[in-house]
Amino acid sequence: MCSATDKTVDPKIIDLLNKDPEGLAHVSLEYFPPRTEQGVKNLHARMERMLANTKCLYTDMTWGAGGSTAELSLELALHAQKTGHVSNLHLTCTNMEKDGDPIKGVHDALQEAYDGGVRNIVALRGDPQEGENEWTATKGGFTCALDLVKYIRKEFGDDFGISVAGYPEGHPNRISELSEEEVKNMSESESSRCCTHDGITYVCKDDDYKKEMDYLKEKVDAGADFIITQMFFDAEVFKTFVEDCRTWGINCPVVPGLMCINAYAGFKKMTKFCKTRVPKALEEKMDSMKDDADAIKKFGVDYGAEVCRTLLESGVKILHFYTLNLEKVVYGITDELGITSGLTEQSNESDAKDMVAVGSAWARVGDTVKCSSGQGVVKEIKSDGAAVVEIDGKDVQLAKGSYEKVF
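Residues numbered from 1 in each chain as written. Predicted model: local features only at pLDDT ≥ 70, side-chain atom pairs only at ≥ 80, totals over all residues. Heavy atoms only, no water.

A.B. asks: With reference to specific residues and values, describe the packing of helix α8 (residues 206-221) against helix α9 (residues 235-247).
C.D. replies: One can describe the packing of α8 onto α9 by two numbers: an axis separation of 10 Å at closest approach and a directional angle of 60°. Between α8 and α9, the crossing angle belongs to the class labelled oblique. Like other packed secondary-structure pairs, α8 and α9 cross with a definite hand, here right-handed. For the pair α8 and α9, the contacting residues are Tyr209, Met213 and Leu216 in the first and Phe241, Asp244 and Cys245 in the second. Along the lines of polarity and charge, the residues of the contact of α8 with α9 split into five nonpolar, no polar and one charged. (Axes fitted to C-alpha atoms, helices over the stretch in contact; angles between N-to-C directions. Helix = DSSP H or I, 4+ residues; strand = E, 2+ residues; numbered from the N terminus. Parallel < 35°, antiparallel > 145°, perpendicular 65-115°, else oblique. Left-handed = near helix turned anticlockwise from the far one by under 90°. Contact = heavy atoms within 4.5 Å. Nonpolar A, V, L, I, M, F, W, Y, C, P; charged D, E, K, R; others polar.)

Written out as structure tokens, the structure is:
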């Protein structure tokens, strides 16, 4: 099925994970495709530096929302493979129709990755396409990540190592808004993973959490080698999730996904969007420093190192950093832990303005946008891309292309 290649190929990540780290822990790094050509050039340089400095076990390249970065994601994953990284390509089920075939785009991406020496795939459902708030399957295409795992194993056998996503707090689509009465009656397990944003409490209820774990077991049984988790800021939630995995008979490695705190606005937006649990002490500390960008980064290092220490003490052997295409906080954490030394002083983020994701240009509900009438918050996105925006207390409908997202 797969063509032969004389090129050096990557090892499977699962084989690397099954070996103990030489030092305190393995490190893996995740990047996303930047919006601009200059951003891509800068990312190439950063990836080369960070590989040399951290000796990362493998490197993830994300696949943009709605398949928006399909070609660039693949190009960057192949570039990583050619320049010494063990490349882990994210691949989603979204918007992959090609030549009238709803899954041909997936097959072609897998084949090109294979031919380029890439041997590791993160199988994901994917986020909604531009202008949509809910994910919908393409007719005749894949409906979920499980379908993708099964397809890879069917078409490519064991040629690829496969990882899948795990959600310690429950998938955002299964997280419910609670009434005051429901908050009072939460179970102990629900209380341990719930979150509160803007005074509203959310949680993946126990019945839904069980469905999540059942589904995760299906993905692993279908051929996934290991799990990479959604971001979390409460280490105890991760530890409980790993225990639950073992209870469910999921015995593969569970890699903690660690979001680096780089900026107040980004932290608040992402945790609210994903309905992530934020410990009260963390929330209060972030709020107290929200206008001091340097203090936020320094605290991001301190808090990140604290979480990592707790994970390492629990037996974790690898730390997977969502870098946000930046290096200072990652270096600060690895230096603080003793995995590396002296990298903080070498960090250079003068190109930060170029490190903006392709998909991040899309406005979604809750984002701030600007237009000729002023600046406001998106309340609704129409199917045609038009947005309903609250500006100065009034709802204004703006046509697609007449507003711009504010970062």
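A.B. asks: Tell me about the nonpolar core, and please be specific about residues and values.
C.D. replies: In this structure, Tyr58, Leu110, Ile227, Leu282, Leu311, Leu319 and Phe321 are the most contacted members of the largest nonpolar core, which totals 103 residues. At nine residues, helix α12 (residues 293-313) tops the list of elements feeding residues into this core. When residues no more than four places from it in sequence are discounted, the contact partners of Phe321 are Val27, Ser28, Leu29, Glu30, Leu258, Cys260, Cys308, Val330, Ile333 and Thr334. Ranked by size, the runner-up nonpolar core spans nine residues in total, among them Cys371, Ala387, Ile391 and Tyr403. (Core = buried A, V, L, I, M, F, W, Y, C linked by side-chain atoms within 4.5 Å. Buried < 20%, exposed > 50% of the residue type's maximum accessible area, 1.4 Å probe, protein only.)

A.B. asks: Can you explain the sheet that holds strand β11 (residues 257-259)? Please cite residues and give values.
C.D. replies: Spatially, nine strands are ordered β10-β9-β5-β4-β3-β2-β1-β12-β11 in an open sheet, and the strand pairing comes out parallel. Both edges of this open sheet fall to β10 (254-255) and β11, since each of them pairs with a single strand only. Here β11 runs beside strand β12 (residues 318-322); their pairing, made up of three bridges, is parallel. Within β12, the residue paired with Met259 across the bridge is Tyr322. Against the sheet, helix α4 (residues 104-115) makes contact with β3 (87-92) and β4 (120-124), and its axis sits at roughly 175° relative to β3, the strand it touches most. On the sheet, α8 packs against β5 (161-166) and β9 (226-229) and is oriented at approximately 175° with respect to β5. (Pairing = 2+ DSSP bridges.)

A.B. asks: Give a detailed account of unusual backbone geometry, specifying residues and quantitative values.
C.D. replies: The phi angle at Lys55 is positive, at roughly 55°, despite the residue not being glycine. Of note, Lys55 is situated in the loop between α2 (37-54) and β2 (59-61). By relative accessible area, Lys55 is classed as exposed at 63%. The residue Leu324 is not glycine, and still its phi comes out positive at about 60°. Inspection of the secondary structure assignment puts Leu324 in the loop between β12 and α13 (328-337).

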